[in-house]
Amino acid sequence: MHPARVVPAAFFAAVVVGTILLSLPYSTPGPTRPPVLTAAFTTVSAVCVTGLTNVDTATYWSPFGQVVIMGLIQVGGFGIMTLATLLGMLVGGKLRLKSSLIAQAETHTLNIGDVRHVIRRVAITVLAFEAVFATVLTVRFRVAYDDSWGQALWHGAFHAVSAFNNAGFALYSDNLIGFVDDAWIMFPICVAIIAGGIGFPVLFELRRRWRTPRAWTVHTRLTVYGSLGLLVLGTMGFLALEWSNNSTIGALDTWGKVVAGVTGGVVPRTAGFNSIDYGQITPETMAINYVLMFIGGGSAGTAGGIKVTTFFLLAYVIWSEIRGERDTNIAHRSIAGSTLRQALTVVLLAIAAISLGTMSILLATDYALDVVLFEAISAFATVGLSTGITPDLPPTAEITLMVLMFVGRVGTITVGTALAYKSRHHHYRLPEERPIVG
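The shown structure was predicted, so the numbers you read here are calculated from the model rather than taken from an experiment.

Visitor: Please clarify how the nonpolar core should be interpreted in this entry.
Guide: Here is a general trend for soluble globular proteins: nonpolar side chains tend to be buried in one another's company. Ile69, Ile73, Ile189, Ile193, Phe273, Leu401 and Met405 are the most contacted members of the largest nonpolar core, which totals 88 residues. Looking at which element gives the most residues to this core, the answer is helix H17 (residues 395-410), with 8 residues. Once residues lying within four places of it in the same chain are set aside, the contact partners of Ile193 are Ala163, Asn166, Val266, Val267, Ala271 and Phe273. Ranked by size, the runner-up nonpolar core spans 14 residues in total, among them Phe164, Phe204, Trp216 and Val224.

Structure follows, in structure tokens:
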């Protein structure tokens, strides 16, 4: 099978295994088995590192179920094929060409010979970041909230894994609302979200060339500068629109509002944690979140959305067209037409998926368009934020969200390629014609 077909199949296999595990009686505190749809929805959300939940993670699932969810988050964030290839290297000591191609499709590396090295670095990076953030959170839970060392370690490790993988699952019934103004909890989680969502290629390049921004590749420039710009705009917009909203951050002191504002600028970028009730935000804040969720984070990382590079590539295309330039140039580099077509394809397929999902949920429920659109974008972009309607959705709407999460995590192009029976390569070009545009 072509790697583009193996990757969706592997994610689907992980969903099946996770659903079976969460359907066991051990997964819930009571003796009864959880419904299959509940187990499947939670599994898809965990494997696709989304964070949408139709039940309370803190009380509905037993410690065994929570460990399963944490494992599914780790597997989904690291990448099914990357993990499988790494295990094959550890057991057999060899990396076959077929496995290299599969891992290449998942890690977005350009050189097949680099796959082995990249997988090792990805594994080390994931474990190192998660260990650091888990340590910080564990100490904070122990010192400030009187958790036992065992409970603090468990909460620290779970939330570190969930944050770095941009999953948004939490072990508290109100998610992280209880820590809205605690900088020692929220800031490490925000840094973990950014580190995991910026993309492994960018992390690797920053490690080598962080002192020489002029030597950065176009991909790194777009991702770093674009992410910084979106973070600033998201934070400032959140603070400006929610500053006096007593249902969200209006009752907090100035420092608490700053902490909540930074979190509000970070989590829509596919993280899913909520330190406020998003069912009480203003319509203007919801509109900003539409954009931030749709764009998402960096490529080849744990974030979802259409990705920062995709968005800014098309922005440069528009700017070049307005200026009447024939080529699209960024940082003294010309961008290939195939790359621009791929970016446009990603955006259009994303819009189509979100539109169909929104229409499906509207037909199955009586909710207003704004909250349904918020839910659909959150699912497709693997964000996990919700206005609170997820637990009350009918089965058909839950299945729609599951499909959106799966397509958003695996990737629109990967899914499209997997569904294609064969591709045709023409060895000729037809006469050119220019239809009227606009």
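Visitor: Is there a simple way to explain the pattern of salt bridges in this structure?
Guide: In a structure, side chains of opposite charge can pair up when their charged atoms sit close to one another. On inspection of all chains with the given rule, the structure shows 3 salt bridges. As a salt-bridge pair, Asp182 and Arg140 come within 3.2 Å of each other at their nearest N and O atoms. Here Asp182 is found in the loop between helix H8 (149-164) and helix H9 (183-197), whereas its partner Arg140 is found in helix H7 (residues 115-145), with 42 residues between them in sequence. Residue Asp182 is classed as buried on the basis of its relative accessible area of 6%. Among the ionic pairs, Arg209 bridges to Glu205, the shortest N-O distance being 3.4 Å. Pair noted here: Arg209 and Glu205 are both in helix H10 (residues 200-209), with a separation of 4 residues, about one helical turn.

Visitor: Honestly, the environment of Phe169 in this entry has me stumped. Any pointers?
Guide: Following the sequence through the fold, Phe169 ends up in the loop between H8 and H9. With a relative accessible area of 1%, Phe169 lands in the buried category. A C-alpha to C-alpha distance of 5.1 Å links Phe169 and Gly51, two positions 118 residues apart in sequence.

Rules of the game
- Residues numbered from 1 in each chain as written.
- Predicted model: local features only at pLDDT ≥ 70, side-chain atom pairs only at ≥ 80, totals over all residues.
- Heavy atoms only, no water.
- Core = buried A, V, L, I, M, F, W, Y, C linked by side-chain atoms within 4.5 Å.
- Buried < 20%, exposed > 50% of the residue type's maximum accessible area, 1.4 Å probe, protein only.
- Helix = DSSP H or I, 4+ residues; strand = E, 2+ residues; numbered from the N terminus.
- Contact = heavy atoms within 4.5 Å.
- Salt bridge = Lys/Arg side-chain N within 4 Å of Asp/Glu carboxyl O.

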